[in-house]
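Next come the chains, spelled out residue by residue.
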Amino acid sequence: MPIRRKDMRHGDLDILTLRNRFRIDVDNVSTKVNPYTLTAKEPLNAYPFLSPYERAMLPDESVRRVSKQESAGLMFDEFRELAKLFSFQGAYKNIITEMITHMQENSGTPYSSPLLDKALKEQILNDRSEQSSLLKIKRVLKAAINYEYGFIPLDEKDDLFDEKGNLKEVNGAVLPKFDSLLDRTNGLVITVHDTWSTHITLESLEVEGEGFRAKVH
């Protein structure tokens, strides 16, 4: 059964709440359209070289009405353009626009991308910091193995594992995240940034002498 978080829903706050409680300028959420009145916004200062007197002589332009679908389309186009400010270089720069388009299509299906898989793999393998989840797993296994007998002793099970069979020290590790200076411009901060949860499985463990080989998924 899918878990639906309340903070991921839309339409549960009215305009007065947004304006008065959260101080959101609901009349200026877009430079292209007012989604509340369904009217298109004209480009700012369409006649920059006219004097105020000359501009006053221009005929009043009628307000262009738009449908809800066109209003949403204009705002999604604006969303994609603004996102490029944080995603303009590298192999992953187009992921955010693909993700926004997937959101616009409103299919209800999760977004996935081979590029995101590749980015996560690179992050895990190349992270050499103290926060590295992979290095944490290696340190835990190294300390837990009885090298004389070539396995993790059952009598140490309660000290190593919780009631769900998870390694306690790995549970406290920081999950992979994209927070480098490069990630702020290559699209990974704006698309992913952090990881909500990760399921890690130890699929096999082979101990040879004072070393070991583990397969982790």
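Residues numbered from 1 in each chain as written. Predicted model: local features only at pLDDT ≥ 70, side-chain atom pairs only at ≥ 80, totals over all residues. Heavy atoms only, no water.

A.B. asks: I would appreciate a short explanation of the overall build of the chain in the present structure.
C.D. replies: Scanning the chain for helices and strands turns up 9 helices and 4 strands. Listed by position from the N terminus, the elements making up the chain come as α-β-β-α-α-α-α-α-α-α-α-β-β. For the chain, the residues scored as buried account for 23% of the 217 residues in total. A separation threshold of at least 6 residues defines the contact pool for the chain, and within that pool the share at least 24 residues apart is 46%. Taken as a whole, the chain presents about 16,900 Å² of accessible surface, with 55% of it coming from carbon and sulfur. (Helix = DSSP H or I, 4+ residues; strand = E, 2+ residues; numbered from the N terminus. Buried < 20%, exposed > 50% of the residue type's maximum accessible area, 1.4 Å probe, protein only. Contact = heavy atoms within 4.5 Å. Areas by Shrake-Rupley, 256 points an atom, 1.4 Å probe, with all protein chains shown as cover.)

A.B. asks: Please explain helix α5 (residues 114-126) as it appears in this structure.
C.D. replies: Counting along an α-helix, one turn takes 3.6 residues, and residues three or four places apart therefore face a common direction. Between the first and last C-alpha of α5 there are 18 Å, a value that for 13 residues agrees with the 18 Å anticipated at 1.5 Å per step. Every buried residue belonging to α5 is among Leu116, Ala119 and Gln123, and all of these are buried. Taken around the axis of α5, the buried residues stretch over an arc of 60°, which confines them to a single face. Away from its buried face by more than 90 degrees, α5 exposes Pro114, Asp117 and Lys121. Buried residues belonging to α5 abut α4 (95-105) and α9 (188-191). (Expected span 1.5 Å × (residues − 1). Arc of directions from axis to C-beta.)

A.B. asks: Is there a simple way to think about the pattern of salt bridges in this case?
C.D. replies: Two side chains with opposite charge may pair up if their charged atoms get near one another. In this structure the tally under the stated criterion is 6 salt bridges. Close ionic contact of aspartate 77 with arginine 80 constitutes a salt bridge, the shortest N to O distance being 2.8 Å. Remark: arginine 80 and aspartate 77 occur in helix α3 (residues 68-83); sequence separation between them is 3 residues, near one turn of the helix. For the salt bridge of lysine 118 with glutamate 122, the shortest nitrogen-to-oxygen distance reads 2.7 Å. Highlighted residues: lysine 118 and glutamate 122, both in helix α5, separated by 4 residues, approximately one helical turn. A residue is classified by how much of its surface remains accessible, and glutamate 122, at 32% relative accessible area, is partly exposed. (Salt bridge = Lys/Arg side-chain N within 4 Å of Asp/Glu carboxyl O.)

A.B. asks: I'm lost on the packing of α3 against α4 in this one. Help?
C.D. replies: Between two packed helices, what matters for the description is the angle formed by their axes and the separation of those axes. Packing of α3 against α4 brings their axes to within 9 Å, and their N-to-C directions diverge by 160°. Taken together, the axis directions place α3 and α4 in an arrangement best described as roughly antiparallel. The hand of the α3/α4 crossing is right-handed. Between α3 and α4, the residues in contact are Gly73, Phe76, Phe79, Arg80 and Ala83 and Ile96, Thr97, Ile100, Thr101, Met103 and Gln104, respectively. Classifying every residue of the contact of α3 with α4 by side-chain character gives 6 nonpolar, 4 polar and 1 charged. (Axes fitted to C-alpha atoms, helices over the stretch in contact; angles between N-to-C directions. Parallel < 35°, antiparallel > 145°, perpendicular 65-115°, else oblique. Left-handed = near helix turned anticlockwise from the far one by under 90°. Nonpolar A, V, L, I, M, F, W, Y, C, P; charged D, E, K, R; others polar.)

A.B. asks: For this particular structure, what's the right way to read the side chain of aspartate 183?
C.D. replies: Residue position: aspartate 183 is located in the loop between α8 (168-171) and α9. No salt bridge is formed by the buried aspartate 183. Its closest oppositely charged neighbour is arginine 184, at 8.2 Å. Those residues in contact with aspartate 183 that lie beyond four places of it in its chain are Phe178, Leu188 and Val189. (Lys, Arg positive; Asp, Glu negative; His and termini not counted.)

A.B. asks: Help me understand the environment of glutamine 69 in this model?
C.D. replies: Here glutamine 69 is to be found in helix α3. For glutamine 69, a relative accessible area of 70% corresponds to the exposed category. Residues glutamine 69 and leucine 38, spaced 31 residues apart in sequence, show a C-alpha to C-alpha distance of 9.9 Å.

A.B. asks: Is there a simple way to explain a nonpolar patch on the surface in this structure?
C.D. replies: Taken together, the side chains of Leu13, Ile15, Phe22, Ile24, Val29 and Tyr36 define a hydrophobic patch exposed on the protein surface, amounting to about 480 Å² of accessible area. One can find tyrosine 36 in the loop between β1 (33-34) and β2 (39-40). (Patch = residues over 30% accessible without salt bridge, like charges linked within 9 Å, V, L, I, M, F, W, Y side chains within 5 Å.)

A.B. asks: What is the right way to look at unusual backbone geometry in this model?
C.D. replies: Most peptide bonds take the trans configuration, and most residues that are not glycine carry a negative phi. One non-glycine residue, leucine 38, adopts positive backbone phi at about 55°. Here leucine 38 lies in the loop between β1 and β2. For leucine 38, a relative accessible area of 22% puts it in the partly exposed group. For asparagine 106, which is not glycine, the phi torsion reads 60° and is therefore positive. Its location among the elements puts asparagine 106 in the loop between α4 and α5.

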